[in-house]
Amino acid sequence: MTKIPIQTIDFFDRQVIRLIVEKYGFNEIKAIRLFLKSETYQMLIDPELEIYKMSPHIVFDMWESERVTGDPRNSQYLRSGEDE
């Protein structure tokens with residue numbers, strides 16, 4: 001099984017948490033907790049899904065979609081192409 005390098009996970013943690021703080025005004029601790037407890041984060045750290053190959057902005061969109069709809073798979077980036 002392939003492992004995702006810790007530097008990659010750290011990069012995503014920092015970038016997505018920064019986006020959460022900027023958009024929602026949460027303090028960093030709350031943003032960290034919300035992200036780490038999310039299904040989006042579980043998907044990010046699953047090497048088989050290869051979410052770590054996407055942009056942090058896409059991961060943020062997944063997290064936001066999960067927050068609004070309950071499912072990160074409702075992200076516009078994951079759904080694009082479904083209707084084709």
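Keep in mind the model is a prediction, meaning the values are calculated, not measured.

1. Some details on the pattern of salt bridges
Applying the stated criterion across every chain yields a total of six salt bridges. By sharing partners, the salt bridges in this structure join E39, D71 and R73 into a single network.

2. Details of the side chain of T40
With respect to the secondary-structure elements, T40 resides in helix α3 (residues 39–44). By relative accessible area, which is 0% here, T40 ends up buried. A polar atom in the side chain of T40 sits 3.4 Å from the backbone nitrogen of W63. If sequence neighbours within four positions are ignored, T40 has contacts with F35, V59, M62, W63, E66 and P72.

3. Focus on helix α4 (residues 56–69)
Compared with an ideal rise of 1.5 Å per residue, which puts 14 residues at 20 Å, α4 spans 20 Å between its outermost C-alpha atoms and is within 8% of the ideal. Against the buried residues of α4 lie α1 (6–24), α2 (28–36), α3 and α5 (76–79). Measuring from the side-chain oxygen of the N-cap residue of α4 to the backbone nitrogen of H57 gives 3.0 Å; that N-cap residue is S55. Looking one or two residues beyond α4, the residue adopting positive phi is G70, at roughly 90 degrees.

4. So, the packing of aromatic side chains
Aromatic rings considered in pairs are described by the distance between their centres and by the relative angle of their planes. Tallied over the entire structure, the rule returns five aromatic pairs. Pairing F11 with F12 gives two aromatic rings, centres 5.6 Å apart and planes at 85 degrees, and the pair type is edge-to-face. Residue F11 is classed as partly exposed on the basis of its relative accessible area of 42%. F12 sits in the buried class, given a relative accessible area of 2%. Ring geometry for F35 versus Y41: centroids 5.2 Å apart, planes at 75 degrees, classification edge-to-face. Like Y41, F35 is buried. Joined through ring pairs, the aromatic side chains of Y24, F26, F60 and W63 make up one cluster. The ring of F26 has K30 sitting right over it, with the charged end atom 4.5 Å from the ring centre.

Each value, and the rule that gives it
Residues numbered from 1 in each chain as written. Predicted model: local features only at pLDDT ≥ 70, side-chain atom pairs only at ≥ 80, totals over all residues. Heavy atoms only, no water. Salt bridge = Lys/Arg side-chain N within 4 Å of Asp/Glu carboxyl O. Helix = DSSP H or I, 4+ residues; strand = E, 2+ residues; numbered from the N terminus. Buried < 20%, exposed > 50% of the residue type's maximum accessible area, 1.4 Å probe, protein only. Polar contact = N/O pair within 3.5 Å; in protein donor to acceptor, adjacent residues only side chain to side chain. Contact = heavy atoms within 4.5 Å. Expected span 1.5 Å × (residues − 1). Phe/Tyr/Trp six-rings, centres within 6.5 Å; stacked < 30°, edge-to-face > 60°. Lys NZ or Arg CZ within 6 Å of the ring centre and 35° of its normal.

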